[in-house]
Amino acid sequence: MPRQPQAGQQAAFAFDEAGAGRAEPAGVAEAAPHLSRPLAALFDAVPEDWRAVTEPFRASAAGQALIQRVDAARSAGAVIYPDQVFQALHLTRRADVRVLILGQDPYHGPGQAHGLAFSVRHGVAIPPSLRNIRKELQRDLGLALPGHGSLSAWAESGVLLLNTVLTVEAGQAASHAGWGWEALTDALAQAVAADAGPRVAMLWGAHAQRKALLLVAARQAARQPADELLVLQSNHPSPLSATRGPVPFVGCGHFGQAQAFFHQRGCTLDWSLA
């Protein structure tokens, strides 16, 4: 079985990143557009290497229902984030994926979400969970941190930053949960686990940890070596849980463990942020 550090039975919670605590300033924000195109057009633009996963979902009854519901909400005047719904798939080639980090749903504040889990665009104040991720990265590896909160450099280096729900209505956390995105993102996560080569999955919090068995089963079904999948689990980086037991996020050492896992296999993993 893949190596899986014992994860605590952490209670699920909803933490409002858009309005919680004081966010670190990060300069002058660029304009961040909301969803302005039909969802079908965004499916059309998904990179070819991911379409074996996205197209069957799109053609399914659940996929069609999701597209209709999101488009109807947008047409009725709802402000929906992000505009770049599939940005994670655009920045991370399927063959290049080494690490999967699962988030919940996009940030719902103006100018925050840009299609990468936990990441914000240049010039946007750094939300509390991302602040803790940066602190743990610095504590674990001693890396210098940029003034911005964009994780695009990770995405371009093979870290798939995937939310389990890919859209949200402005000001309403988890407003699109249960609309159907979960079936697609489960399929994407399973594809990552099933593809050949070493993989690390970082599951932070109860919401992400529920995917652990799904990933292990996909790896086994694809007859890929079990010891080539490392599943790391801890509490969520939210201030509500980051320092609490039984498996605090702060001090978890996941970045170093992932780096060592790839080093043992003759590969490098660069966590630096430009």
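Analysis parameters
Residues numbered from 1 in each chain as written. Predicted model: local features only at pLDDT ≥ 70, side-chain atom pairs only at ≥ 80, totals over all residues. Heavy atoms only, no water. pLDDT = per-residue confidence, 0-100. Contact = heavy atoms within 4.5 Å. Phe/Tyr/Trp six-rings, centres within 6.5 Å; stacked < 30°, edge-to-face > 60°. Helix = DSSP H or I, 4+ residues; strand = E, 2+ residues; numbered from the N terminus. Buried < 20%, exposed > 50% of the residue type's maximum accessible area, 1.4 Å probe, protein only. Axes fitted to C-alpha atoms, helices over the stretch in contact; angles between N-to-C directions. Parallel < 35°, antiparallel > 145°, perpendicular 65-115°, else oblique. Left-handed = near helix turned anticlockwise from the far one by under 90°. Nonpolar A, V, L, I, M, F, W, Y, C, P; charged D, E, K, R; others polar. Pairing = 2+ DSSP bridges. Expected span 1.5 Å × (residues − 1).

Novice: I keep staring at the confidence of the model for the protein and nothing clicks. Help me out?
Specialist: Do not read the fine detail of predicted coordinates wherever pLDDT is low. Mean pLDDT over the protein: 90, with 88% of residues reaching 70 or higher. The model gives residues 1-14 a pLDDT under 50, and that stretch makes 43 contacts with residues more than four places away or in other chains. Note on residues 19-31: pLDDT is under 50 here. Beyond four places in sequence and across chains, it has 24 contacts.

Novice: It is not clear to me how the packing of aromatic side chains should be interpreted in this structure. Could you clarify?
Specialist: Each aromatic ring pair is characterised by the separation of its centres together with the angle its planes make. Tallied over the full model, the rule gives 11 aromatic pairs. A ring pair is formed by tryptophan 154 and phenylalanine 255, whose centres lie 5.7 Å apart and whose planes are at 50 degrees; its orientation type is tilted. Residue tryptophan 154 is located in helix α6 (residues 152-155), and its partner phenylalanine 255 is located in helix α10 (residues 254-263); the two are separated by 101 residues in the primary sequence. Accessibility assignment for this pair places tryptophan 154 and phenylalanine 255 in one class, buried. Summarising the aromatic geometry, the rings of tryptophan 154 and tryptophan 271 are spaced 4.9 Å apart at their centres and angled 75 degrees between planes, so their arrangement reads as edge-to-face. With tryptophan 154 in helix α6 and tryptophan 271 in the segment after α10, the pair connects residues that are 117 residues apart, well separated along the chain. Residue tryptophan 154 shares its accessibility class with tryptophan 271, and that shared class is buried. Put simply, the rings of Phe118, Trp154, Trp204, Phe249, Phe255 and Trp271 pair up and form one aromatic cluster.

Novice: Sorry, what's going on with the environment of glutamine 259 here?
Specialist: Position of glutamine 259 relative to the elements: it lies in helix α10. Between the C-alpha atoms of glutamine 259 and tryptophan 271, which are 12 residues apart in sequence, the distance is 8.4 Å. Dropping the residues within four chain positions of it, glutamine 259 is found in contact with Leu141, Leu269 and Trp271.

Novice: Explain the packing of helix α2 (residues 51-59) against helix α7 (residues 181-194) here, please?
Specialist: Two numbers describe how α2 lies on α7: the axes approach to 10 Å, and their chain directions differ by 155 degrees. In terms of their interaxial angle, α2 and α7 are classed as roughly antiparallel. Here the hand of the crossing between α2 and α7 comes out right-handed. Facing Val53, Thr54 and Phe57 of α2, the residues of α7 in contact are Ala183, Leu184, Ala187, Leu188 and Ala191. Split into classes, the residues belonging to the contact of α2 with α7 amount to seven nonpolar, one polar and no charged.

Novice: Is there a simple way to explain the sheet that holds strand β2 (residues 99-103) in this structure?
Specialist: Through backbone hydrogen bonds, the strands of a sheet pair up, either in parallel or in antiparallel fashion. Within the open sheet, the four strands sit side by side as β3-β2-β5-β6. Their pairing is parallel. Single-partner strands in this sheet number two, and they are β3 (159-163) and β6 (229-234). Averaged over neighbouring strand pairs, the angle between their axes works out to 20 degrees when direction is ignored. As judged from the five bridges shared by β2 and β3, these two strands associate in the parallel manner. Looking across to β3, one finds that valine 99 is bridged to valine 159. Here helix α9 (residues 212-221) sits on the sheet and contacts β2, β5 (199-204) and β6; the angle it forms with β6, its principal contact strand, is near 180 degrees.

Novice: I keep staring at helix α5 (residues 128-141) and nothing clicks. Help me out?
Specialist: Along its 14 residues, α5 runs 20 Å from first to last C-alpha, staying within 8% of the 20 Å computed at 1.5 Å per residue. The set of residues buried in α5 consists of Pro128, Ser129, Leu130, Arg131, Asn132, Ile133, Arg134, Glu136 and Leu137. Among the structural elements, α6, β5 and α10 are those in contact with the buried residues of α5. Looking one or two residues past α5, glycine 142 carries a phi angle of roughly 70 degrees, positive in sign.

Novice: What's the story with unusual backbone geometry in this structure? I'm lost.
Specialist: Residue tyrosine 81 is joined to proline 82 through a cis peptide bond whose omega torsion reads -10 degrees. Relative to the helices and strands, proline 82 is located in the loop between β1 (80-81) and α4 (87-91). Each neighbour pair has its own omega, and for glycine 245 with proline 246 the value is 5 degrees, a cis peptide bond. For proline 246, the position within the fold is in the loop between β6 and α10. Residue phenylalanine 118 is not a glycine yet carries a positive backbone phi of 70 degrees. Within the fold, phenylalanine 118 resides in the loop between β2 and α5. Non-glycine residue arginine 223 carries a positive phi angle of around 60 degrees. Within the secondary structure, arginine 223 is located in the loop between α9 and β6.

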